Every structure is written in structure tokens, then in C-alpha cells.
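Okay, here's what each chain looks like letter by letter:
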Amino acid sequence: QVALVESGGGSVQTGGSLRLSCAASLRTFSMYTMGWFRQVPGKERAFVGAIGGNGISDYVESVKGRFTISRDNANRTVYLQMSSLKPEDTAVYYCGASLGRLTRGSVTWKTYNYWGQGTQVTVSS
């Protein structure tokens, strides 16, 4: 049974920072691209960023320079460091695991095999 467990969400003011973690029970963790998505009520899950097993990452334009994804393959954990947070970053954040390299398809939630339960991030103005 594969499990992805996110942690680190919470409430911050505009300009604040949060660090999300996602611990995965994947035996071959390094073979997976790990992605972060976010979702607000009534909208589809949206790509935030992803990191391949080799450490190469990609981000949606709106978070570039503010968010950083990293991973620890030995501990099977991926992180999302969020800085300069804005109210529009408010959402439930999900981590996903997609078997294979980081590709153009990594921006699409349907390409992910496993998902965490989500963690709420609220940014107040």
C-alpha cells in the first residue's frame, strides 16, 4: 500500500513562508517525479511544481522565484518551500508521485499515480 503523507500546512500572513513536506512509502522513490499541486473549491487541481528523480525541477510561472521544490531520496521525502506568500496562494496543497522522468506531462494531474491527502495553506492579507 503506497502512502504519501503531507505536512506543514497552516495559516500565514502575506509575505510569510511555509515549508510543506511529503513523505512517501515508495520503495523506488528516486524513480518517481514528485509534483505539488493545489486546489481551491470549484476548480481543478492545478500544477505548482515538480521535481524529477535527478533533481531537475519545473514550476508554474506564478510561483517562480518564490517556491522551491527539493527532495531527499534517501528519506523518500519531497519538500515545497514557499516564500513571499500571497492570498492567491491559498489552497489545499497535494503532493503526487508519477513514475518516470520529469516531462511536459508532469504538469497534468492525470499523469500522477499516487496522491497525498492534502494540506491546507491559508494566506491572509
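This text goes with the structure placed above it.
Residues numbered from 1 in each chain as written. Predicted model: local features only at pLDDT ≥ 70, side-chain atom pairs only at ≥ 80, totals over all residues. Heavy atoms only, no water.

**Some details on the environment of Leu20**
- Tracing the backbone through its elements, the reader meets Leu20 in strand E3 (residues 18–24).
- Separated by 60 residues in the primary sequence, Leu20 and Leu80 have C-alpha atoms spaced 5.0 Å apart.
- Residue contacts for Leu20: discarding those within four places in its chain leaves Ser7, Gly8, Gly9, Trp36, Val78, Tyr79, Leu80, Met82, Tyr93, Thr119 and Val121. (Helix = DSSP H or I, 4+ residues; strand = E, 2+ residues; numbered from the N terminus. Contact = heavy atoms within 4.5 Å.)

**Things to note about the packing of aromatic side chains**
- Under the definition given, this model contains 5 aromatic pairs.
- The interplanar angle of 80° and the centroid separation of 5.1 Å between the aromatic rings of Phe37 and Tyr112 together place this pair among those described as edge-to-face. Of this pair, Phe37 sits in strand E4 (residues 32–39) while Tyr112 is found in the loop between strand E9 (91–99) and strand E10 (114–115), placing the two residues 75 residues apart along the sequence. For the pair shown, Phe37 and Tyr112 are each scored as buried. (Phe/Tyr/Trp six-rings, centres within 6.5 Å; stacked < 30°, edge-to-face > 60°. Buried < 20%, exposed > 50% of the residue type's maximum accessible area, 1.4 Å probe, protein only.)

**Comments concerning the sheet that holds E3**
- On the basis of which strands lie adjacent, the open sheet formed by 4 strands has the order E1-E3-E8-E7 and antiparallel pairing. The open sheet terminates on both sides in strands that have one partner only, identified here as strand E1 (4–7) and strand E7 (67–72). Across the sheet, the axes of successive neighbouring strands diverge by a mean angle of 15°, strand direction being ignored.
- Across 6 bridges, the pairing between E3 and strand E8 (residues 77–82) is antiparallel. Each bridged residue has a counterpart across the sheet, and for Arg19 the counterpart in E8 is Gln81. (Pairing = 2+ DSSP bridges. Axes fitted to C-alpha atoms, helices over the stretch in contact; angles between N-to-C directions.)

**Focus on the side chain of Thr119**
- Assignment of secondary structure puts Thr119 in strand E11 (residues 119–124).
- Taking the relative accessible area as the measure of exposure, Thr119 reaches 11% and is therefore buried.
- Among the polar contacts made by the side chain of Thr119, one reaches the main-chain amide nitrogen of Gly9 at a distance of 3.3 Å. (Polar contact = N/O pair within 3.5 Å; in protein donor to acceptor, adjacent residues only side chain to side chain.)

**A short note on the pairing of E7**
- By the alternation rule, side chains of E7 split into Phe67, Ile69 and Arg71, which are all buried, and Thr68, Ser70 and Asp72, of which none is buried.
- Sheet topology places E7 next to E8; 6 bridges connect them, and they run antiparallel. Looking at the pairing, Thr68 lines up with Gln81 of E8.
- Hairpin connection of E7 to E8: 4 residues between the antiparallel strands, including Arg76 at a positive phi of 55°.

**Observations concerning the nonpolar core**
- Leu4, Met34, Trp36, Phe67, Leu80, Met82 and Tyr93 are the most contacted members of the largest nonpolar core, which has 27 residues in total.
- Those residues within four positions of Met82 in sequence are excluded, and the remaining contacts are Gly16, Ser17, Leu18, Leu20, Arg66, Phe67, Tyr93 and Val121. (Core = buried A, V, L, I, M, F, W, Y, C linked by side-chain atoms within 4.5 Å.)

**Regarding the state of the cysteines**
- Under the defined criterion, the tally for this structure stands at 1 disulfide.
- The side chain of Cys22 participates in a disulfide bridge whose partner is Cys95; the two sulfur atoms lie 1.9 Å from each other. Handedness here is read from the sign of the S-S torsion; for Cys22 and Cys95, about 50°, the answer is right-handed. Within this pair, whereas Cys22 is found in strand E3, its partner Cys95 is found in strand E9, the two being separated by 73 residues in sequence.
- With relative accessibility at 0%, the residue Cys95 sits in the buried group. (Disulfide = S-S within 2.5 Å.)

**Comments concerning the pattern of salt bridges**
- For the structure shown, the criterion picks out 3 salt bridges.
- Glu61 is the partner of Lys64 in a salt bridge, and the nearest nitrogen-oxygen pair spans 3.3 Å.
- Its relative accessible area of 42% is what places Lys64 among the partly exposed residues.
- Relative accessible area serves as the criterion here: at 61%, Glu61 is assigned to the exposed category.
- Close ionic contact of Arg66 with Asp89 constitutes a salt bridge, the shortest N to O distance being 2.7 Å. (Salt bridge = Lys/Arg side-chain N within 4 Å of Asp/Glu carboxyl O.)

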